[in-house]
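Structural overview
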Amino acid sequence: MAPQIRYARNRDVSIAYETFGDAAEGDPLLLIMGLDFQMVWWPDAFCQRLVAAGFSVVRFDNRDTGLSTHFSSPARQSPWRALWGRTKPAYTALDMLDDAQAVMDAVGWSSANVMGGSMGAALAQAMALVRPERVRSLTSCMGLPVDAGPLRTMTYIKFGIFPRLMRIKPGGAREAQSDALVTIFRTMASPGFPFPQEWARQAATISHDRSPRDPTSTQRQLAAGRAQRFPPLSSISAPTLVIAGEDDPLIRSRGGRDTAARIPHARFVSYPGMGHNLPEELWPDIIQEIRAVAGSQDRVP
């Protein structure tokens, strides 16, 4: 049975979320998705495995994504301009953190274990920095240091993927739009593991039916991350796990390694063959690592 969609409010913004397991039972775990992707790209089966490991799980659509409140831009601009802080932000990363907190409040969590993927990794790090009382443990996946400036950020990115992404030209029909989402996901997926074609098609179709992809949301979400600076990662006190794919076609694994090196007591794990997704074959080990860091929150000096 598919999880029920619910909504949290952050002032005039509505945030869609779904729960797995009883939110009042188990160890609370909040999942934060990355740039442009909806919450359904956290696989249901992965969430259910986390529940079996003792967590209660909540995933949500970031603002400007999926079923959450969308924004608009007067014109489509280059995402690179946004990354360099040269576009006017429609909202900030702090607004996005407030969205995450509104979801936590809606399910009755004063704090939670927080796991983010890609852009979500940066948001999870930011929450541990500026809202430490809300973060029991931090798991940062497929990301890079949230306090890296634009120039340093560029050193972590593999630019060879972008010509491939730019060649993806979705048509207007539902099937063509879904095909494009699958192709985007395939381009970033793990080269060392089988591609989950059936699941990707299902996730892409649900994603498109809920809200067709708006390319201008990319510039707004990137601009949000440049709207303020964050304290150094060394000030994070939450137990931290950093996960990276050694064959990520988008982000160099050094982004994760550098993140972990600067957070006190952080554990860094990298997986050969893993790209910019979490392959099902690695779920048992990944969940074991998440379980371990969540259980260490009272043991870190």
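Refer to the structure presented above.
Residues numbered from 1 in each chain as written. Predicted model: local features only at pLDDT ≥ 70, side-chain atom pairs only at ≥ 80, totals over all residues. Heavy atoms only, no water.

As for the overall build of the protein
A count of helices and strands for the protein gives 11 helices and 8 strands. Principal axes of the C-alpha set define a box for the protein whose edges measure 50 × 45 × 45 Å. Looking at the protein as a whole, 54% of its 301 residues qualify as buried. In the protein, of all internal contacts separated by at least 6 residues, the share reaching a separation of at least 24 is 77%. As presented, the protein carries roughly 12900 Å² of accessible surface, and 52% of it is formed by carbon and sulfur atoms. Within the protein, the 29 negative side-chain charges are centred at a point lying 8 Å from the centre of the 33 positive side-chain charges. (Helix = DSSP H or I, 4+ residues; strand = E, 2+ residues; numbered from the N terminus. Buried < 20%, exposed > 50% of the residue type's maximum accessible area, 1.4 Å probe, protein only. Contact = heavy atoms within 4.5 Å. Areas by Shrake-Rupley, 256 points an atom, 1.4 Å probe, with all protein chains shown as cover. Lys, Arg positive; Asp, Glu negative; His and termini not counted. Charge placed at Lys NZ, Arg CZ, Asp CG, Glu CD.)

Things to note about the packing of helix α7 (residues 174-188) against helix α8 (residues 197-210)
α8 packs onto α7 with a crossing angle of 125° between their chain directions and a minimal axis gap of 8 Å. As the angle between them shows, α7 and α8 are arranged oblique. Like other packed secondary-structure pairs, α7 and α8 cross with a definite hand, here right-handed. Residues R174, E175, Q177, S178, D179, L181, V182, F185 and R186 of α7 lie in contact with α8, whose contacting residues are Q197, W199, A200, R201, A204, T205, S207, H208 and D209. (Axes fitted to C-alpha atoms, helices over the stretch in contact; angles between N-to-C directions. Parallel < 35°, antiparallel > 145°, perpendicular 65-115°, else oblique. Left-handed = near helix turned anticlockwise from the far one by under 90°.)

Quick notes on the pattern of salt bridges
As enumerated under the stated definition, the model contains 19 salt bridges in all. Salt-bridge contacts for D179 lead to R201; the nearest nitrogen and oxygen are separated by 1.9 Å. In this pair, D179 is assigned in helix α7 and R201 in helix α8, connecting sequence segments 22 residues apart. We note a salt bridge from R267 to E289, for which the minimum N-O separation is 2.8 Å. Of this pair, R267 sits in strand β8 (residues 267-271) while E289 is found in helix α11 (residues 283-295), placing the two residues 22 residues apart along the sequence. Residue class for R267 comes out partly exposed when judged on its relative accessible area of 46%. (Salt bridge = Lys/Arg side-chain N within 4 Å of Asp/Glu carboxyl O.)

Comments concerning unusual backbone geometry
Here S118, not a glycine, exhibits a phi torsion of approximately 60°, which is positive. Looking at the secondary structure, you find S118 in the loop between β5 (112-117) and α4 (119-130). On the basis of relative accessible area, S118 is assigned to the partly exposed category, the value being 22%. One non-glycine residue with positive phi stands out, namely H265, at about 65°. Relative to the elements of secondary structure, H265 occurs in the loop between α10 (253-262) and β8.

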